[in-house]
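Given next are the chains, with one letter for each unit.
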Amino acid sequence: MSFPIITKTIQQEYERRYAVAPSGMPCICGYFGRACRQLEKPEGANRASCMGCPLANYAKGTVLNKLAEETHGAHIYMQIRLLSGRIEEIDVYLAADGNHRYITSADHCPENHPAGLRDEIIEAFRTLY
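It should be emphasised that the depicted structure is a prediction, and the values quoted were computed from it without experimental measurement. (Residues numbered from 1 in each chain as written. Predicted model: local features only at pLDDT ≥ 70, side-chain atom pairs only at ≥ 80, totals over all residues. Heavy atoms only, no water.)

> Where do I start with the pattern of salt bridges in this structure?
A pair can form between side chains of opposite charge whenever their charged atoms are brought close. Enumeration according to the criterion identifies 4 salt bridges in this entry. The salt bridge partner of glutamate 69 is lysine 66, with a shortest N-O separation of 2.8 Å. Owing to a relative accessible area of 33%, glutamate 69 belongs among the partly exposed residues under this scheme. Lysine 66 gets classed as partly exposed once you look at its relative accessible area, which sits at 23%. For the salt bridge of aspartate 107 with arginine 118, the shortest nitrogen-to-oxygen distance reads 2.7 Å. One end of the pair, aspartate 107, is in helix α3 (residues 105–108); the other, arginine 118, is in helix α4 (residues 117–128), and 11 residues separate them in sequence. Looking at arginine 118, the relative accessible area reads 32%, which means it is partly exposed. (Salt bridge = Lys/Arg side-chain N within 4 Å of Asp/Glu carboxyl O. Buried < 20%, exposed > 50% of the residue type's maximum accessible area, 1.4 Å probe, protein only. Helix = DSSP H or I, 4+ residues; strand = E, 2+ residues; numbered from the N terminus.)

Laid out in structure tokens, this is it:
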């Protein structure tokens with residue numbers, strides 16, 4: 001499972017976005033999450049108090065998240081939450097000549113997906129892998 005990384009920048013964006021602090025913020029994290037104990041930690045918002053935290057939920061939508069990854073030989077499967085909040089899937093097949101073959105969830109029914117989504121999924125995979 002992948003947990004959102006909460007950076008100082010994300011916390012400040014979150015604070016600017018809301019005029020009033022949303023309910024549900026753990027008391028230990030302070031006003032608008034200014035005292036968040038997981039701030040800037042590489043493991044992300046992985047504590048019990050982070051579950052349901054509005055700052056952690058906001059961070060999920062502002063960064064790429066790897067939701068699942070499986071590797072089977074020359075095949076890699078990944079489920080990704082994109083910056084837009086969309087959850088998409090990609091299968092990558094590694095060829096012996098070094099080329100990659102990408103099959104994304106946008107390929108299965110392209111008329112139901114916005115233009116450029118396939119490229120966005122591939123770029124997200126390259127960033128996260």
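> When you look at the state of the cysteines in this model, what are you seeing that I'm missing?
Each disulfide consists of one covalent bond between the sulfur atoms belonging to two cysteines. In the structure shown here, the tally under the stated rule is 0 disulfides. Cysteine 53 takes part in no disulfide bond, and the closest cysteine sulfur to it belongs to cysteine 29, at a distance of 5.5 Å. On the basis of relative accessible area, cysteine 53 is assigned to the buried category, the value being 5%. (Disulfide = S-S within 2.5 Å.)

> Please clarify how α4 should be interpreted in this entry.
Helical geometry note: an α-helix holds 3.6 residues per turn, so side chains three or four residues apart project in the same direction. In this model, α4 (12 residues) spans 16 Å end to end at C-alpha, consistent with the 16 Å of a helix rising 1.5 Å per residue. On the buried face of α4, the contacting elements are β2 (75–81), β3 (87–94), β4 (100–104) and α3. (Expected span 1.5 Å × (residues − 1). Contact = heavy atoms within 4.5 Å.)

> It is not clear to me how the nonpolar core should be interpreted in this structure. Could you clarify?
For soluble globular proteins, nonpolar side chains are generally found buried alongside one another. Ranked by size, the top nonpolar core spans 14 residues in total, and within it Ile6, Tyr14, Met25, Ala45, Cys53, Leu55 and Ala56 carry the most contacts. In terms of residue count, helix α2 (residues 54–60) provides more of this core than any other element does, 4 residues in total. The residues contacting isoleucine 6, other than those within four sequence positions of it, are Cys36, Gln38, Leu39, Glu40, Ala45, Leu55, Ala56 and Ala59. By size, the runner-up hydrophobic cluster in this structure holds 13 residues, among which are Val92, Ala106, Ile121 and Ala124. (Core = buried A, V, L, I, M, F, W, Y, C linked by side-chain atoms within 4.5 Å.)

By themselves these figures say nothing about function.
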